[in-house]
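Chain and residue survey
Here is how the chains run, residue by residue.
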Amino acid sequence: MPHLSAPLLLAMIVGGTVGLIIALAATGRPVRGVWIVAGMLLAAGLGVQVNWLGRLVVTFWTPIQIYRSPLFLSGGALLFIVIIGLFARRSLQRLAAPTVFLLIIAGFAGLLRLVHGDPKDGVATLGFAIATLMPLGYFGTSFAGEWTDWHKLFRALTVANVIWILGVFVQLVVNPSVLTVSNSARFVGLTGNPQHCAVFLSIMCVLLLWLAMNDPQRRYLGIWIALLGIDGVLLLWTGSRTGLLMALTGSSLILWRRMGQAILLLPIAAVVAFAAIEFVPGLDIGSASSRLTSVENTRASVWLTLLKEGMENPIIGVGVDATKSQDASENSYLLAWAAYGFGMVIVLIGLMIVSAAQAFRLLRARSWLGDQAPLADLVCAYYPMFFLGALFEGYIMARVSVTLVFLVLYSSLGIVLLRALAAEQEYEPVEAARGDSMDLDPAGLAPSAYG
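Cut-offs applied
- Residues numbered from 1 in each chain as written.
- Predicted model: local features only at pLDDT ≥ 70, side-chain atom pairs only at ≥ 80, totals over all residues.
- Heavy atoms only, no water.
- Helix = DSSP H or I, 4+ residues; strand = E, 2+ residues; numbered from the N terminus.
- Buried < 20%, exposed > 50% of the residue type's maximum accessible area, 1.4 Å probe, protein only.
- Contact = heavy atoms within 4.5 Å.
- Areas by Shrake-Rupley, 256 points an atom, 1.4 Å probe, with all protein chains shown as cover.
- Phe/Tyr/Trp six-rings, centres within 6.5 Å; stacked < 30°, edge-to-face > 60°.
- Patch = residues over 30% accessible without salt bridge, like charges linked within 9 Å, V, L, I, M, F, W, Y side chains within 5 Å.
- Salt bridge = Lys/Arg side-chain N within 4 Å of Asp/Glu carboxyl O.
- Core = buried A, V, L, I, M, F, W, Y, C linked by side-chain atoms within 4.5 Å.
- Axes fitted to C-alpha atoms, helices over the stretch in contact; angles between N-to-C directions.
- Parallel < 35°, antiparallel > 145°, perpendicular 65-115°, else oblique.
- Left-handed = near helix turned anticlockwise from the far one by under 90°.
- Expected span 1.5 Å × (residues − 1).
- Polar contact = N/O pair within 3.5 Å; in protein donor to acceptor, adjacent residues only side chain to side chain.
- pLDDT = per-residue confidence, 0-100.
- Nonpolar A, V, L, I, M, F, W, Y, C, P; charged D, E, K, R; others polar.

Tallying secondary structure elements over the protein chain gives 18 helices and 0 strands in all. Out of the 451 residues belonging to the protein chain, those deemed buried represent 52%. Summarising the internal contacts of the protein chain: among those between residues at least 6 apart in sequence, 75% fall at separations of at least 24. Counting every atom, the protein chain has about 19500 Å² of accessible surface; 68% of that belongs to carbon and sulfur.

In structure tokens, the structure reads:
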């Protein structure tokens, strides 16, 4: 940890005070807690870059980037305050099944870290998940009093994206060389490496595309298109085939019912992207993006190493610290086996099953969801992105990850949609039998007065 300079200490005090005020205000109106979630996303989108010599690459934002985990943990603590307020109002809803499995993964990892001889880290792994994923999950299933609250959450998440982009622009002015990996010109942004950066940008691109098509506040349309263009440029700059594959997968699933409108939106985003490439100094998109068409296999050796490590102790694994490829953990499933054994692989399969089950239920119920059907599309688009990207990145095993934040939020939205539909069908069996579109209540209590 860096020395706490006076400006940094002041920023932490001010930020903590603002966060506490928001948390206390959210106990009365839970939707205000979306700004805490946005802060957690921003913290998850940070990271520190280490060069090939193992030395820290210092940026203008390093004093903040290095506190990524404590900032994320602080967001979880603030959400606990909001959760207490929700519990006092007896409106706390159960966690979504994928969130429960993420907690099981953390618990299993913590237990095996104890077995592998690191009790302090084992307890920290479990405690960190309980202090972050659990309040995030309860907030996701309980905060919305009306469906427009979910749009407010998504807009808040884009504010985190904007702050991240502004941080990149500041670094472009101060010292653009640290924004890329020196030997490949690949963009890392404010994260630790191009792959993590690409995963973050791919998820934001899909969310922005969805907002451009479905946000009821049409006055924000230009903002969503502009941000989509900027994030798209930065995604290409990473040169990440994984990020591009995730973005294309999610976008295709969002667009498959609405291709006509997308034809109008995507060229505009492309113009913004072209303008950024041409007029923003310091962007060497061509050198990095040429990697996107490469057929070079950069993962086979890492996967083979993980397989060999898993075979050394297939029951309980060799431990995260003992895996020779922990700095290149480019497959969540193989990393789970190598570090924690076959039991962790079974838990990951369970996570896939409950996620797929929720997605299939949402797809079957889509025609009943009425105006909320696009929300189901967003959830169903994310699951394939998440599990496909996990084939090439080890983020499921991470304590702090943008992908985990979105998995908790989207799975929470999925269970809210299904719960509201079930409550509505029970309340109005005649309308349900006719197949009429229904005005669903996100709290799953009674017919809603809002849409």
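After that view of the structure, there is still more to cover.
In total, this model carries 17 aromatic pairs according to the counting rule given. Considering the side-chain rings of F139 and F143, the 4.7 Å spacing of their centres and the 10 degrees angle between planes classify their relative orientation as stacked. Judged by relative accessible area, F139 falls into the buried class, the value being 0%. Of the aromatic side chains, those joined through ring pairs into one cluster are F139, F143, W150, F154, W210, Y382, F386, F387, Y395, F406 and Y410.

All right, on to the environment of V206 then. Mapped onto the elements of the fold, V206 is located in helix α8 (residues 194-214). Between the C-alpha atoms of V206 and M385, which are 179 residues apart in sequence, the distance is 9.9 Å. When residues no more than four places from it in sequence are discounted, the contact partners of V206 are A247, G250, S251, I254 and M385.

Turning our eyes to something else, we now look at a nonpolar patch on the surface. Residues V48, V50, L56 and V58 make up a contiguous nonpolar surface patch of roughly 310 Å² in combined accessible area. Topologically, V48 is positioned in the loop between α2 (34-44) and α3 (62-65). Note on V48: relative accessible area 33%, which makes it partly exposed.

It is worth spelling out the nonpolar core at this point. Counting residues in hydrophobic clusters, the biggest one holds 123 residues, and the most contacted among them are F154, W164, I396 and F406. Per-element tally for this core: the top contributor is α8, with 16 residues. Discounting chain neighbours no more than four positions away, the residues touching F406 are L41, L157, I203, M204, L207, Y382 and S411.

This part covers the packing of helix α10 (residues 241-255) against helix α16 (residues 373-389). As a packed pair, α10 and α16 sit with axes 8 Å apart at the nearest point and diverge in direction by 155 degrees. On the basis of the axis angle, α10 is roughly antiparallel to α16. For α10 against α16, the interelement crossing comes out right-handed. On α16, the residues touching T242, L245, M246, T249, G250, L253 and I254 of α10 are D377, L378, C380, A381, P384, M385, L388 and G389.

Let us look at the pattern of salt bridges. All told, the structure shown has 3 salt bridges when counted by the stated rule. Between R155 and D215 there is a salt bridge, with the nearest N and O atoms lying 2.7 Å from each other. Taken together, the residues R155 in helix α7 (residues 148-174) and D215 in the loop between α8 and α9 (221-238) connect sequence positions 60 residues apart. Like R155, the residue D215 is buried in the burial classification. Residue R366 is joined to D377 by a salt bridge in which the shortest nitrogen-to-oxygen separation is 2.7 Å. In this pair, R366 sits in the loop between α15 (342-365) and α16 while D377 sits in helix α16, placing the two residues 11 residues apart along the sequence. Classification of R366 by relative accessible area gives buried; the value is 18%.

Under the 1.5 Å per step criterion, the end-to-end length of α15 is 35 Å for 24 residues, consistent within 8% with the ideal 34 Å. Those residues of α15 that sit buried are M344, V345, V347, L348, G350, L351, S355, Q358, A359, L362 and A365.

A few words on α8. Between its first and last C-alpha atoms α8 spans 30 Å; for 21 residues at 1.5 Å apiece the expected length is 30 Å, and the two agree. Of all 21 residues in α8, 20 are buried; the element is thus mostly enclosed. Structurally, the start of α8 carries an N-cap: the backbone nitrogen of Q195 is 3.0 Å from a side-chain oxygen of N193.

All right, on to the confidence of the model for the protein chain then. For the protein chain, per-residue confidence averages 84 on the pLDDT scale, and 82% of positions sit at 70 or higher. Least confident of the elements in the protein chain is helix α18 (residues 429-434), whose mean pLDDT is 46; most confident is α2, at 97. Scored below 50 in pLDDT, residues 429-437 shows 7 contacts in the model against residues more than four places distant or in partner chains. Overall, residues 446-451 carries pLDDT values under 50, and its contacts beyond four positions in sequence, including any with other chains, amount to 20 contacts.

Two numbers describe how α8 lies on α16: the axes approach to 11 Å, and their chain directions differ by 165 degrees. One way to sum up the angle between α8 and α16 is to call them roughly antiparallel. Here the hand of the crossing between α8 and α16 comes out right-handed. Here S202, I203, V206, L207, W210 and N214 of α8 come into contact with α16, specifically with P374, L375, L378, Y382 and M385. Residue classes in the contact of α8 with α16 are distributed as 9 nonpolar, 2 polar and no charged.

Our focus in this paragraph is the side chain of S240. Of note, S240 is situated in the loop between α9 and α10. Here Q195 takes part through its side chain, which lies 3.0 Å from a polar atom of the side chain of S240.

Okay, the side chain of T132 next. With respect to the element layout, T132 can be found in helix α6 (residues 119-142). Using a relative accessible area of 0% as the deciding quantity, one classes T132 as buried. Within polar-contact distance, the side chain of T132 engages the backbone oxygen of F128 at 2.6 Å. Discounting residues that sit within four places of it in the chain, T132 has contacts with M40, F72, L73 and G76.

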